[in-house]
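Each chain, written out:
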Amino acid sequence: QVQLVESGGGLVQPGRSLSLSCVGSGFTFSSLAMAWYRQAPGKEREYVAGITNDGVSTYYADAVKGRFTISRDNPKNTVYLQMNSLKPDDTAVYYCHAAATSFWGQGTQVTVSS
């Protein structure tokens with residue numbers, strides 16, 4: 001049974017940091033590129049960041065470039081999203097996704113507000 005389980009969301013003030021984690025199981029984690037997406041209220045789900053299966057290459061949406069960092073630890077079947085200098089516009093449900101598959105996590109809420 002394939003599972004992607006996100007954690008680490010919460011309420012944070014603007015300018016602060018938050019780190020998300022996503023643990024995968026039921027598939028060969030190290031063979032798949034991984035990505036983070038987010039969906040704000042009333043908006044479509046959008047791509048945030050991606051990382052190749054070996055962790056060598058990373059990709060970012062313009063809105064988060066320079067503030068967010070994606071990384072992975074294949075022995076731990078985990079992908080991370082370090083979010084710095086958070087803005088209210090970053091408020092959304094954040095989802096973990098295994099690229100080129102139908103595997104999605106349940107999402108974790110991130111709220112940036114003073």
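Quick note: structure is the one above.
Residues numbered from 1 in each chain as written. Predicted model: local features only at pLDDT ≥ 70, side-chain atom pairs only at ≥ 80, totals over all residues. Heavy atoms only, no water.

### Points about the environment of Arg45
Next up, step 1: Position of Arg45 among the secondary structure elements: in the loop between strand S4 (34-39) and strand S5 (46-51).
Next up, step 2: Relative accessible area serves as the criterion here: at 35%, Arg45 is assigned to the partly exposed category.
Next up, step 3: Counting along the chain gives 48 residues from Arg45 to Val93, while the straight-line C-alpha distance between them is 9.0 Å. (Helix = DSSP H or I, 4+ residues; strand = E, 2+ residues; numbered from the N terminus. Buried < 20%, exposed > 50% of the residue type's maximum accessible area, 1.4 Å probe, protein only.)

### Description of the environment of Ser21
Next up, step 1: As for its placement among the helices and strands, Ser21 is situated in strand S3 (residues 18-25).
Next up, step 2: Between the C-alpha atoms of Ser21 and Ser114, which are 93 residues apart in sequence, the distance is 24 Å.
Next up, step 3: Residues within four places of Ser21 in sequence aside, it is in contact with Val5, Glu6, Ser7, Trp36, Thr78, Val79 and Tyr80. (Contact = heavy atoms within 4.5 Å.)

### Considering the sheet that holds strand S6 (residues 58-60)
Next up, step 1: The strand order across the open sheet built from six strands is S2-S10-S9-S4-S5-S6, with neighbouring strands paired in mixed fashion. The sheet terminates laterally at strand S2 (10-12) and S6, the two strands that pair on one side only. Neighbour-to-neighbour, the strand axes of this sheet turn through a mean angle of 25°, independent of strand direction.
Next up, step 2: The pairing of S2 with strand S10 (residues 108-112) spans three bridges and is classified as parallel. Along S10, the bridge assignment pairs Gly10 with Val110. (Pairing = 2+ DSSP bridges. Axes fitted to C-alpha atoms, helices over the stretch in contact; angles between N-to-C directions.)

### Some points on the sheet that holds S3
Next up, step 1: Strand order in the open sheet made by the four strands is S1-S3-S8-S7, with antiparallel pairing throughout. Across the chains shown, the open sheet's two edge strands, defined by having one partner strand only, are strand S1 (3-7) and strand S7 (68-73). For this sheet, the mean inter-axis angle between neighbouring strands, taken without regard to orientation, is 15°.
Next up, step 2: Of the pairings in the sheet, the one linking S1 to S3 comprises five bridges and is antiparallel in character. Residue pairing in the sheet places Glu6 in a bridge with Cys22 of S3.

### What about the nonpolar core?
Next up, step 1: Counting 28 residues, the largest nonpolar core has Trp36, Val79, Leu81, Met83 and Tyr94 as the members making the most contacts within it.
Next up, step 2: Among the secondary structure elements, those contributing two or more residues to this core are S3, S4, S5, S7, strand S8 (78-83), strand S9 (92-98) and S10.
Next up, step 3: Residue contributions to this core peak at four residues, all from S9.
Next up, step 4: Once you skip the residues sitting within four places of it in the chain, Leu81 turns out to touch Leu18, Ser19, Leu20, Trp36, Val48, Ala49, Phe68, Thr69, Ile70 and Tyr94. (Core = buried A, V, L, I, M, F, W, Y, C linked by side-chain atoms within 4.5 Å.)

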